[in-house]
Structure formats: structure tokens, C-alpha cells
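Per-entry structural report
Given next are the chains, with one letter for each unit.
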Amino acid sequence: MAKDSFLVGLIGSGVGPSLSPALHEREAGRQGLRYLYRLIDIDVLGVPPRAVGDLVRAARDLGFDGLNITHPCKQLVIEYLDALAPQAEALGAVNTVVFEAGGRAVGHNTDVTGFAASFARGLRDASLERVVQLGAGGAGAAVLHATLTLGAERVTVVDPLADRAADLAGSLNRHFGAGRAVTATPDRLAALLAEADGLVHATPTGMAAHPGLPVAPELLRPGLWVAEVVYRPLETELVRVARASGCAVLDGGGMAAFQAADAFRLFTGAEADSGRMLADIAELSGAAADVR
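Residues numbered from 1 in each chain as written. Predicted model: local features only at pLDDT ≥ 70, side-chain atom pairs only at ≥ 80, totals over all residues. Heavy atoms only, no water.

1. Regarding the nonpolar core
Core analysis: the largest hydrophobic core is formed by 32 residues, its most contacted members being Phe115, Leu144 and Trp225. Mapped by element, the contributors of at least two residues to this core are helix H5 (111-122), helix H6 (138-149), strand E8 (154-158), helix H7 (162-176) and strand E11 (225-228). If one sorts the elements of this core by residue count, H6 sits on top with seven residues. In this structure, Phe258, Phe264, Ala272 and Leu284 belong to the second largest nonpolar core, which totals 26 residues. (Core = buried A, V, L, I, M, F, W, Y, C linked by side-chain atoms within 4.5 Å. Buried < 20%, exposed > 50% of the residue type's maximum accessible area, 1.4 Å probe, protein only. Helix = DSSP H or I, 4+ residues; strand = E, 2+ residues; numbered from the N terminus.)

This is the structure in C-alpha cells:
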């Protein structure tokens, strides 16, 4: 590596509770790197999601090495970038921006590899014949791609924005084959879950800034696995209720750790130890729970 000092940040809504600063800075410290990770919360700034373009430009001008992007800016940020890595282009969603030499802003997506690695680690024996996914936004695009890559035969995407869900399913069917991803309206959720092998949750519901349960508790049953994308808190209401209902459960911590390890490599050129970062997630989440 030519550098040993890095300035990065996270742009999104309600990112104050994010564990990303500590997660990245801990790994950098173990590798002897100076690393400063800043939170850029659009709610605190009082600006709309569309301001992500101005914030990216400001970060570049201020000498940032890169940015993570989260809800609700993963898709909006694309038009303000100079180039996209192939996976981000295929998904139409970006969660990592790297400022290359000369200030060129390149978008990547490490949510895909992060979710796939977490699923393979935590639900390796889960059936993928019939999967229901809630959410077709930026995170939803990434986890749908990952779930199909893992071998899901059919994923039904449920989102209140029918056009968004249809666009996502159509895009990934062109890549994976017709009929692998289909869409449904929220009123069909109960019937779909009654026959599903698993549920992937990819909406902001359950985040510290968006508390709640995305499905009715009675729809969760033994034999249904549940994979959560939200990781702060690590035990969302969905994770807690699903576990109590007898479901096999994957919390969002693994995806957070693996995607962070991939982003760290993109920012620094150094390989992160995902095992150490998984331990960090567990420790940091526990400490945060004790504070509450």
C-alpha cells in the first residue's frame, strides 16, 4: 500500500447508531493504519436524499478516500458517479464509493458478497426452493442477487412499489433466467409465507430509526427460515419474534461484517479479517444493548 492514512464516511438517513465507524477503525488499528470514519446523516443535516450528489462531491473535494452509502441513497447516488463496477451496474444500487486518483468516483456493491457469505455461514442447509423477499430497494436488489446466486429456484419479491419490484425482478431475470424472480403485492404475503421455505427481510423496518415488525407475528412458524438485513440493533423485533416462533434465524450482523470487510479492502487495498470483524459486531452490538 502506498498510503497509511484514510478518511472515509457513511451517507444515509438515521445513521447515528451505525457501528460502521468502530468496525472499520478497529480493523484499521489492528493493521497499523490511521483511519477516520465519519457519519454524514442527511436527517441531521436537514437535506433530502437527492442531496447525496452534493455530499459525494463535497467529500471528494475534502479529500475523502471513499464513502459507504445506505438507505435511502443507494440507488439515487448512481447518477452522480463517474463509473460503476459491473456488479453495481447490474444491480442498479451502490453501497460503496471509491475516489480514485484524480477524484474519479466509482460505485461498488459489497452488500451482495456480504449477504452471500453470511447466508452460506449461518444458513448453509436452508432450502432455497421457495423464497419470499420483502423489499426491492437498494438493499433488496443486493440480497435478491445474492439469493439467486446461492441457488434459489424462485424468489417472490414483495414491495408496496409495484413498478420498483417489477423492474428489479426483470433485471435479474435477464441475468439469471426467466421466472427466477417474480413479484407480488403485500396483500398476498400471508399466502406466500404459508408455502415458503424462507423469508428475506430487506426493508428499513427494525432499524433503530425505523422500529417495528415488517410481518404479522402469526405468519412466522417452525420450518420457515428468516434472514434479516438490519443489524442495528442486532436483535431486531423480527429476529426476536422469528426465533421465538421456532424459525431458523440469520441476523444482519454477518452481512454487516462481510460487506464491511469488502469495503475496507476497496478503500485501503488491505485485506480485512472478516472473522475479527464478526467478533467486533457481536461485541459492539452487545455494548450498545447494555447502554440502552
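2. Section: the sheet that holds strand E4 (residues 83-84)
In spatial order, the strands read E2-E1-E3-E5-E6-E4; together these six strands make up an open sheet with mixed pairing. For this open sheet the edge positions go to strand E2 (34-41) and E4, each flanked by a neighbour on one side alone. Docked against the sheet, helix H10 (residues 253-268) engages strand E1 (5-12), E2, strand E3 (66-69), strand E5 (96-99) and strand E6 (105-108), running at close to 10° with respect to E5. (Pairing = 2+ DSSP bridges. Contact = heavy atoms within 4.5 Å. Axes fitted to C-alpha atoms, helices over the stretch in contact; angles between N-to-C directions.)

3. With respect to the pattern of salt bridges
This structure, assessed with the given rule, holds 19 salt bridges. Of the charged contacts in the structure, one is a salt bridge between Asp262 and Arg265, with a shortest N-O distance of 4.0 Å. Within this pair, Asp262 and its partner Arg265 are both found in helix H10, separated by three residues, close to a single helical turn. A relative accessible area of 31% places Arg265 in the partly exposed class. When salt bridges that share partners are traced, they join Arg26, Glu27, Arg30, Asp273, Arg276, Asp280 and Glu283 into one network. (Salt bridge = Lys/Arg side-chain N within 4 Å of Asp/Glu carboxyl O.)

4. A short note on the packing of H6 against H7
When two helices pack together, their arrangement is given by the angle between the helix axes and by the axis-to-axis distance. Look at H6 against H7: their axes get within 11 Å of each other, and the N-to-C directions meet at 30°. Relative to H7, H6 is oriented roughly parallel. Our pair here, H6 against H7, has a crossing hand that is right-handed. Note on element contacts: H7 touches H6 through Leu168, Leu172, His175 and Phe176, opposite Gly140, Ala141, Leu144, His145, Leu148 and Thr149. Residues that form the contact of H6 with H7 fall into these classes: six nonpolar, four polar and no charged. (Parallel < 35°, antiparallel > 145°, perpendicular 65-115°, else oblique. Left-handed = near helix turned anticlockwise from the far one by under 90°. Nonpolar A, V, L, I, M, F, W, Y, C, P; charged D, E, K, R; others polar.)

5. Some words on the packing of H5 against H6
Look at H5 against H6: their axes get within 8 Å of each other, and the N-to-C directions meet at 50°. Classified by the angle their axes make, H5 and H6 are oblique. Remark: the crossing between H5 and H6 carries right-handed chirality. Within the contact between the two elements, H5 uses Asp111, Val112, Phe115 and Ala116 and H6 uses Ala142, Val143, His145, Ala146 and Thr147. Split into classes, the residues belonging to the contact of H5 with H6 amount to six nonpolar, two polar and one charged.

6. Let's talk about the packing of aromatic side chains
A full pass over the atoms with the stated rule returns four aromatic pairs. For the ring pair Phe119 and Trp225, a centre distance of 5.1 Å and an interplane angle of 75° mean the geometry is edge-to-face. You can see Phe119 sitting in helix H5 and its partner Trp225 sitting in strand E11, a full 106 residues away along the chain. Taken together through their ring pairs, the aromatic side chains of Phe6, Tyr35 and Phe264 make up a single cluster. (Phe/Tyr/Trp six-rings, centres within 6.5 Å; stacked < 30°, edge-to-face > 60°.)

7. A word on the layout of surface pockets
The space that makes up the largest pocket amounts to roughly 910 Å³. Among the elements that line the lining of the largest pocket, the one with the most residues is H10, at three residues. Looking at the lining of the largest pocket, its residues break down into 26 nonpolar, 14 polar and five charged. Within this model, the second largest pocket holds a volume of roughly 170 Å³. Around the second largest pocket, the lining residues are Arg130, Val131, Val132, Arg154, Thr156, Val182, Arg188, Ala191, Leu192, Glu195 and Ala196. Secondary-structure elements contributing two or more residues to the lining of the second largest pocket are strand E7 (130-134), E8 and helix H8 (189-195). Considering only residue class, the lining of the second largest pocket consists of six nonpolar, one polar and four charged. (1 Å grid on protein atoms, 1.4 Å probe; cavity = no way out; pocket = protein on both sides within 12 Å on 5 of 7 lines; lining within 4 Å. Points joined across faces, edges and corners; volume = space filled by probe spheres on them.)

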